[in-house]
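In case you want the letters, here they are:
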Amino acid sequence: MVKILSTRTVTPQGGILHRVQHASTSTQTEMIFSIFLPQVYSVGTNQGPTPAVYWLSGLTCTDENFVQKAGPTAFAKAEECGMALIMPDTSPRGDNVPNDDGYDLGQGAGFYINATEAPWSTNFQMESYIAELVELVESEWKTVGIQGCKAICGHSMGGHGALTLAFKAAPGTWTSVSAFSPVVHPTACPWGEKAFTAYLGSVEAGKAHDATELLLRDNKASSYDVIMIDEGTKDDFKDEQLKLADFEAAAQKVGQAVAVRRLEGHDHSYHFISAFIASHLEFHMVRLRRALGQAQRSSQNKATEQLMQADTTGKPIKCKAMVARGPKEPLVLEEITVDPPKSGEVRVKVLANALCHTDIYTLDGHDPEGLFPCILGHEAGSIVESVGEGVTSVKPGDKVIPCYTPQCNMVTCIFCRSPKTNLCPTIRGTQGQGKMPDGTVRFKDKDGKEIYHFMGCSTMSEYTVLAEISCAKISDEAPLEKVCLFGCGVSTGLGAVFNTCKVAAKESVAVFGLGAVGLAVIQAARMAGASPIFAIDVNPSKFDNARSLGATHCVNPKDLDEGVSIQKHIAGTLTPWGVDYSFDCTGNTEVMRSALECAHRGWGTSCVIGVAAAGHEISTRPFQLVTGRVWKGTAFGGYKSRSDVPKLVEQHLSGDLPIDHFITNVFKGVASTNDAIHALHSGSCLRAVVHYG
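Throughout this description, residue numbers start from 1 for each chain and increase along the sequence as written. With pLDDT at 70 or above as the cut-off, local features in this predicted model cover only qualifying residues; side-chain atom pairs require 80 or more to be listed or tallied, and sums for whole chains, interfaces and linings still use all residues. The side-chain quantities take in all heavy atoms of the structure and omit both hydrogens and water.

Asks: Would you explain empty space enclosed by the protein in this entry?
Replies: The rolling of a water-molecule-sized probe over the atoms marks out the regions of remaining empty space. Cavities and pockets were defined on a 1 Å grid built over protein atoms only: a cavity is a set of grid points that admits a 1.4 Å probe from which the probe cannot escape, a pocket is an open set flanked by protein on both sides within 12 Å along at least five of seven lines, and lining residues are those with an atom within 4 Å of any such point. Grid points are joined across faces, edges and corners, and a volume is the space filled by probe spheres set on the points. Inspection of every chain in the model, using the stated rule, returns one cavity of 30 Å³ or more. In this structure, the largest cavity spans a volume of roughly 60 Å³. Contributing to the lining of the largest cavity are I427, T430, Q431, K435, M436, P437, G456, A467 and S470. Considered class by class, the residues forming the lining of the largest cavity number four nonpolar, four polar and one charged. Gly falls in the polar group here, along with every residue not listed as nonpolar (Ala, Val, Leu, Ile, Met, Phe, Trp, Tyr, Cys, Pro) or charged (Asp, Glu, Lys, Arg).

Asks: How should I be thinking about the sheet that holds strand β8 (residues 227–232) in this particular structure?
Replies: Strands pair in a sheet through their backbones, by hydrogen bonds, and they do so in one of two ways: parallel or antiparallel. Being paired, for any two strands, means DSSP has found at least two bridges between them. The helix count covers DSSP runs of H or I at least four residues long, the strand count covers runs of E at least two residues long, and both are numbered beginning at the N terminus. Judged by pairing direction, the sheet is mixed, and its nine strands sit side by side in the order β1-β2-β3-β5-β4-β6-β7-β8-β9 without closing on themselves. Each having just a single partner strand, β1 (2–9) and β9 (258–263) make up the two edges of the open sheet. For this sheet the average axis-to-axis angle between neighbouring strands, irrespective of direction, equals 15 degrees. In terms of strand pairing, strand β3 (residues 30–37) meets strand β5 (residues 84–88) through four bridges, oriented antiparallel. Note that in β5 the partner of F36 across the bridge is L85. Any two residues having at least one pair of non-hydrogen atoms within 4.5 Å are treated as being in contact. Working convention: axes come from line fits to C-alpha atoms, limited for helices to the stretch in contact. Angles between N-to-C directions cover 0 to 180 degrees. Contacts from helix α3 (residues 71–81) reach β2 (16–23), β3 and β5 within the one sheet, and its direction differs from that of β5 by about 145 degrees.

Asks: I tried to follow the packing of aromatic side chains on my own but got confused; where do I start?
Replies: Remark: the centre distance and the inter-plane angle together describe each pair of aromatic rings, the angle taken between the planes. Any pair of Phe, Tyr and Trp rings, taking the six-membered ring for Trp, is counted once the centres come within 6.5 Å. Such a pair is stacked with planes under 30 degrees apart, edge-to-face with planes over 60 apart, and tilted for the rest. Applying the stated rule across the entire model yields 16 aromatic pairs. With centroids separated by 5.3 Å and ring planes inclined at 90 degrees, the aromatic side chains of W120 and F124 adopt a geometry described as edge-to-face. Relative accessibility decides the category of a residue: with a 1.4 Å probe and only protein chains considered, values under 20% of the type maximum give buried, values over 50% give exposed, and everything between is partly exposed. In this structure W120 comes out as buried when scored by relative accessible area, which is 7%. Under the relative-accessibility criterion, F124 is labelled buried at 1%. Each ring, one from F636 and one from Y639, has its centre 6.5 Å from the other, and the planes form 75 degrees; the classification is edge-to-face. By the burial criterion, F636 is buried, and Y639 matches it.

Asks: Even after reading the chapter, I still don't get a nonpolar patch on the surface, so can you show me in this structure?
Replies: Patch definition: residues above 30% relative accessible area lacking any salt bridge, with like charges linked at up to 9 Å and the nonpolar side chains Val, Leu, Ile, Met, Phe, Trp and Tyr linked at up to 5 Å. Per-residue accessibility takes into account occlusion by the displayed protein chains alone, with areas from the Shrake-Rupley method and a 1.4 Å probe. What counts as a salt bridge is simple: a side-chain nitrogen of Lys or Arg found within 4 Å of a carboxyl oxygen of Asp or Glu. Judged by side-chain polarity, I414, F415 and L423 come together as a nonpolar surface patch covering roughly 290 Å² of accessible area. With respect to the helices and strands, the residue L423 is situated in the loop between α12 (414–417) and α13 (428–432).

Asks: What exactly am I supposed to notice about the nonpolar core here?
Replies: Soluble globular proteins tend to pack their nonpolar side chains together in the buried interior. In terms of nonpolar packing, the biggest core is built from 107 residues, with F486, I522 and F583 touching the most fellow members. Ranked by the residues each element gives to this core, the list is headed by helix α16 (residues 516–527), at eight residues. Counting residues in hydrophobic clusters, the runner-up holds 59 residues, among them V20, F33, W141 and A195. Buried residues of nine kinds, namely Ala, Val, Leu, Ile, Met, Phe, Trp, Tyr and Cys, make up a nonpolar core once their side-chain atoms join them within 4.5 Å.

Asks: Just checking my understanding: could you explain the side chain of R347 for this structure?
Replies: Secondary-structure assignment places R347 in strand β12 (residues 345–354). Residue classification places R347 among the buried residues on the basis of a relative accessible area of 0%. Any pair of nitrogen or oxygen atoms within 3.5 Å is treated as a polar contact; in protein, a donor-acceptor pairing is required on top of that, and neighbouring residues in sequence qualify only through side-chain atoms on both sides. At a separation of 3.4 Å, a polar atom in the side chain of R347 contacts the main-chain carbonyl oxygen of D339. Only 2.6 Å separates the side chain of R347 from the side chain of E385, close enough to count as a polar contact.

Asks: I keep staring at the packing of helix α7 (residues 211–218) against helix α9 (residues 244–254) and nothing clicks. Help me out?
Replies: Helix packing for two helices is described by the angle between their axes and how far apart those axes are. With their axes 9 Å apart at the nearest point, α7 and α9 run at an angle of 20 degrees to one another. What the angle tells us is that α7 and α9 run roughly parallel. The chirality of how α7 crosses α9 is left-handed. Counted together, A211, T212, L215 and L216 of α7 and D246, F247, A250, A251, K253 and V254 of α9 form the full contact between these two elements. Grouping the amino acids of the contact of α7 with α9 by side-chain chemistry returns seven nonpolar, one polar and two charged. An angle below 35 degrees is read as roughly parallel, one above 145 as roughly antiparallel, one from 65 to 115 as roughly perpendicular, and any other as oblique. Handedness of a helix crossing follows the sense of rotation of the near helix relative to the far helix, less than a right angle counterclockwise being left-handed and clockwise being right-handed.

Asks: Looking at this structure, I do not really get the environment of F486. What am I missing?
Replies: Secondary-structure assignment places F486 in the loop between α14 (480–483) and α15 (489–501). Its relative accessible area of 0% is what places F486 among the buried residues. Sequence-wise, F486 and G381 are 105 residues apart; in three dimensions their C-alpha atoms are separated by 9.1 Å.

Asks: Explain the sheet that holds strand β23 (residues 605–608) here, please?
Replies: In spatial order, the strands read β21-β20-β19-β22-β23-β24; together these six strands make up an open sheet with parallel pairing. Edge positions in the open sheet fall to β21 (553–555) and β24 (630–633), since each of these has one partner strand only. Pairwise comparison of adjacent strand axes, ignoring direction, gives a mean angle of 20 degrees for this sheet. Here four bridges tie strand β19 (residues 509–512) to strand β20 (residues 533–536), and the two strands are oriented parallel to one another. Residue pairing across strands places A510 opposite F534, the latter belonging to β20.

Asks: Quick question: what am I supposed to make of the layout of surface pockets here?
Replies: Volume-wise, the second largest pocket comes out at about 460 Å³. Lining of the second largest pocket is provided by 20 residues; of these, Q47, S299, Q300, A303 and L351 occupy positions nearest its centre. Elements with a contribution of two residues or more to the lining of the second largest pocket: α10 (270–310), β12 and α14. A total of eight residues in the lining of the second largest pocket trace back to one element, the largest contributor, which is α10. Taken together, the residues of the lining of the second largest pocket sort by class into seven nonpolar, nine polar and four charged.

Asks: Is there a simple way to explain the pattern of salt bridges in this structure?
Replies: Close approach of charged atoms allows side chains of opposite charge to pair. By the definition in use, this model includes 35 salt bridges. In this structure, R217 and D218 form a salt bridge, with 3.1 Å as the shortest nitrogen-oxygen distance. Sharing partners across several salt bridges, the network here consists of K77, E80, E282 and R289.

Asks: Looking at this structure, I do not really get the environment of A614. What am I missing?
Replies: With respect to the element layout, A614 can be found in the loop between β23 and α20 (622–626). Taking the C-alpha atoms as reference points, A614 and D101, 513 residues apart in sequence, are found 79 Å from one another. With residues near it in sequence (within four places) discarded, A614 still touches Y361, H366 and P368.

Everything listed is a geometric property; what it means functionally is a separate question.
This is the structure:
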């Protein structure tokens, strides 16, 4: 049982910090630790493991030292990486726990070993305690660090603990290890000699807990590809206590790669840790991503086995789906029949579906092509169940993202051949009619009546049928519950910047509308090096997210003086002549005009991303265009679906394109789709993802 002593929010995205107390069987005392959980954990974004880093502090520290002195930097980076941080105390504590007058023995100086000598042996079992803590965390916070997705790091005595625990653990226990100013040869320094003599009875016994001696004893490199160690050049303890040169010599002898940074002007303090903790967490995240990928492959293999065992190839499948029976009506949970794929088609099992405003746009009756009854949904992650005749680009078991913008790649398709567009029209006619390319449908309700398809995807169903040319095959390591976002909105915002407008470094940008698409535009603009980046919305609660992704200025048009338009404020007050690029992400034709008219005289470009309601038209004075402004639009961000979406997924897997922050709500089961719609209407939801599997 654990007792939460305190809870507070410590990142703008909603990451939380718990301080936790529990009764330890290892130390036979009450122990306290702190745990940081990123927003993705609280929201429930991850179906698989939440990566974790365990931080071991140094002499005299409690669980709170790291939190107070390095926490703000560490939590911001951990939030960005979607990782948890666990920060235990350095020893058992209490009136009945043995202690010493010195700071380097007793309470606050557990050295992460199991004491064998009286009076310490009863309580000072810190090596066992760290193992106990790992089990406790994985039990209480179900996904944190599971399946080997955890790393270990520490400072000074904690650096010693991180290294020795990592070396002694079974391969696969920890993905990686790093340390700040670690005591790497404690049997040859005063701190270690005193501790080992007291706790273990002799310095000699301490060699089994000495990182340098462990390398020499095993006479081979550890299972870690490289060990990261930072030490300050002005560390007063480096020569007498830390002995980093001894460890480097041992590592060189046995072929262990060590990345040592001797950082000019830094000492042994927590200021040193705060300055460089982000680089350590990134070091670990690179390796944690590999472990996450292995976990994803394992999960996919199980899902594929289940699909194959079901033996549904060539047969109709009955499954659950949310059916839109009419405009402005709640979706209805029904059992439907999904027919086998025909020639050039693919049947997939949908594991995750993200709601997009386009789904709601159609459900609300604003789409002139909206047909009912239909199955909505077009932003999903799925696994191929079976393929029709002639399909060669995907096979059963492959992970695919359904794409409403197909890519036929035929030599006769001038659109696929051209680098100027992604608007392949090969199946556009039948897709707009709610049918498959042969002019028929694959869905039937319980009465055998046909149900229309939607945008060639229809992913609000546990199974759906797609055209092969609408399937973007992605990495086996991809977490479908996240990368489903690349099926529409996020890709559209990114591509508007990178492909449609090709924004360059130091160019100015204004973004109207701060939903998921608008925030994706801001994220891409920062990645492109744009500055300044103006974020415009009538809901100021969205500004923190915009700033965290790169917005330099946030403007609420309602705050402007009477008679001052937002375009005049941007092109006149905030800038002399306007911005190089503006993006409308609202679908409001009046806002589209404002976005154009704040574009820079002579060369400014305004990009329309938002979809307006049926029958609405855009307008401006021709003079706005005569004076050099360009008005253009984008569909799916100009990305060619089958060739470009897999690249976006790879960027995400490598850590270069984080998207976790877009997922603000998670629901379980296709039946909860109406709840996801309500969340999307709330105004605070960016993307609601429904997990089917």
